[in-house]
Amino acid sequence: MPRISQKDNPKAILGTKVGMSQIWDEQGHFTAVSVIKIEDNVATQIKTVEKEGYNAVQFATVDIEERKVSKPILGHFEKAGISPKRYVFEVTTNNASEYKIGQTIGVDLFKAGDIVDVTGTSKGKGFAGVMKRHGFKGVSASHGAHKNHRKPGSVGACATPGRVFKGLRMAGRMGGDKTTVQSLQVESVNAEKGYILIKGSVPGPKGGLILLKSAVKDKNKED
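The rules behind these values
- Residues numbered from 1 in each chain as written.
- Predicted model: local features only at pLDDT ≥ 70, side-chain atom pairs only at ≥ 80, totals over all residues.
- Heavy atoms only, no water.
- Helix = DSSP H or I, 4+ residues; strand = E, 2+ residues; numbered from the N terminus.
- Buried < 20%, exposed > 50% of the residue type's maximum accessible area, 1.4 Å probe, protein only.
- Polar contact = N/O pair within 3.5 Å; in protein donor to acceptor, adjacent residues only side chain to side chain.
- Contact = heavy atoms within 4.5 Å.
- Salt bridge = Lys/Arg side-chain N within 4 Å of Asp/Glu carboxyl O.
- Core = buried A, V, L, I, M, F, W, Y, C linked by side-chain atoms within 4.5 Å.
- Pairing = 2+ DSSP bridges.
- Axes fitted to C-alpha atoms, helices over the stretch in contact; angles between N-to-C directions.
- Patch = residues over 30% accessible without salt bridge, like charges linked within 9 Å, V, L, I, M, F, W, Y side chains within 5 Å.
- Areas by Shrake-Rupley, 256 points an atom, 1.4 Å probe, with all protein chains shown as cover.

(A) Representation of the side chain of Thr119 within the structure. As for its placement among the helices and strands, Thr119 is situated in strand β8 (residues 115-121). For Thr119, a relative accessible area of 7% translates into the label buried. Of note is the side chain of Thr119, whose polar atom sits 2.8 Å from the side chain of Thr180. For Thr119, the residues in contact, after removing those within four places along its chain, are Lys178, Thr179, Thr180, Leu209, Ile210, Leu211 and Lys213.

(B) The pattern of salt bridges, seen in detail. This structure, assessed with the given rule, holds 4 salt bridges. A salt bridge links Lys111 to Asp114; the nearest nitrogen and oxygen atoms lie 3.3 Å apart. Owing to a relative accessible area of 55%, Lys111 belongs among the exposed residues under this scheme.

(C) View of the nonpolar core. Core analysis: the largest hydrophobic core is formed by 24 residues, its most contacted members being Val118, Ile198 and Leu212. Elements with a contribution of two residues or more to this core: β2 (12-24), β3 (30-38), β5 (56-63), β6 (85-92), β8, β11 (178-190), β12 (195-199) and β13 (209-214). Setting aside residues up to four positions removed in sequence, Val118 forms contacts with Thr179, Thr180, Val181, Leu184, Ile198, Val202, Pro203, Ile210, Leu211 and Leu212. Core analysis: the next-biggest nonpolar cluster, separate from the first, contains 5 residues, Val42, Phe77, Ala80 and Ile82 among them.

(D) Examining the environment of His134 more closely. The topology assignment puts His134 in helix α2 (residues 130-134). For the pair formed by His134 and Met174, sequence separation is 40 residues and the distance between their alpha carbons is 9.4 Å. Excluding anything up to four places from it in sequence, His134 contacts Gly129, Arg169 and Met170.

(E) Local environment of the pairing of β12. With 5 bridges joining them, β3 and β12 adopt antiparallel strand pairing. When the bridges of β12 are listed, Lys37 appears paired with Tyr195. Adjacent in sequence and paired antiparallel, β11 and β12 are bridged by 4 residues, among which Gly194 carries a positive phi angle near 80°.

(F) Seen up close, the sheet that holds β8. Ordered by their spatial adjacency, 6 strands build a closed barrel running β2-β3-β12-β11-β8-β13, and the pairing between neighbours is antiparallel. Adjacent strand axes in the sheet meet at a mean angle of 50° when their direction is disregarded.

(G) A nonpolar patch on the surface, seen in detail. A grouping of Val155, Val164, Leu168 and Met170 is seen on the molecular surface, where their side chains present a nonpolar patch of about 280 Å² in accessible area. Mapped onto the secondary structure, Met170 falls in the loop between α2 and β10 (172-174).

(H) Region of interest: unusual backbone geometry. Residue Pro161 is bonded to the preceding Thr160 through a cis peptide linkage, with omega at 10°. Position of Pro161 among the secondary structure elements: in the loop between α2 and β10. Positioned with a positive phi, His143 is a non-glycine residue whose angle comes to about 55°. When you line up the elements, His143 lands in the loop between α2 and β10. In this model, Lys147 sits at a positive phi of 55°, which is unusual for a non-glycine residue. Position of Lys147 relative to the elements: it lies in the loop between α2 and β10.

Don't take any of this as a statement about function, it's just geometry.
This is the structure:
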């Protein structure tokens, strides 16, 4: 369960990436946008310093059948008096006491012009070499280089330390990682259809889960 924690009192909402589109202004210029579908996020638990050790609000979204939920989780939702949900996250905030269990937040949480950080799971690329995965330059194409143009080169020293250090950049599975893109602008909000349009691209494939939250580096506040 992801937790959002910032110095101020952040806003956050969970949605689904529909895909990308473009919008046009009066001058005929177009802007590429990512379309995020937002369903109501319901407050399922209010956490306090006295009981849990910190102040936070837990939200859940997207209905799911009871048979697909474990008994402990089902009991958690029954205690809150709401139907079972597929996804759960929480927001650490000093204003937790202002929320009530069962309260919903929707697409109108953000407005056009807001700056947000967007978190999702990047597209999986499968097994990739070091040039594609890490941007290595590769070996020279001439001067006697023999079938090693895309190889990584040396991976360590000789007798000392006599091993490859953990974390060394090598070939391997690429993508499928939790990724955050900071300081993207909300281009527009369609409250009737439940869509938020984000300027630029966001991580993940179509249908991927997307978390929108207040930007850590809000350019509007800095200005």
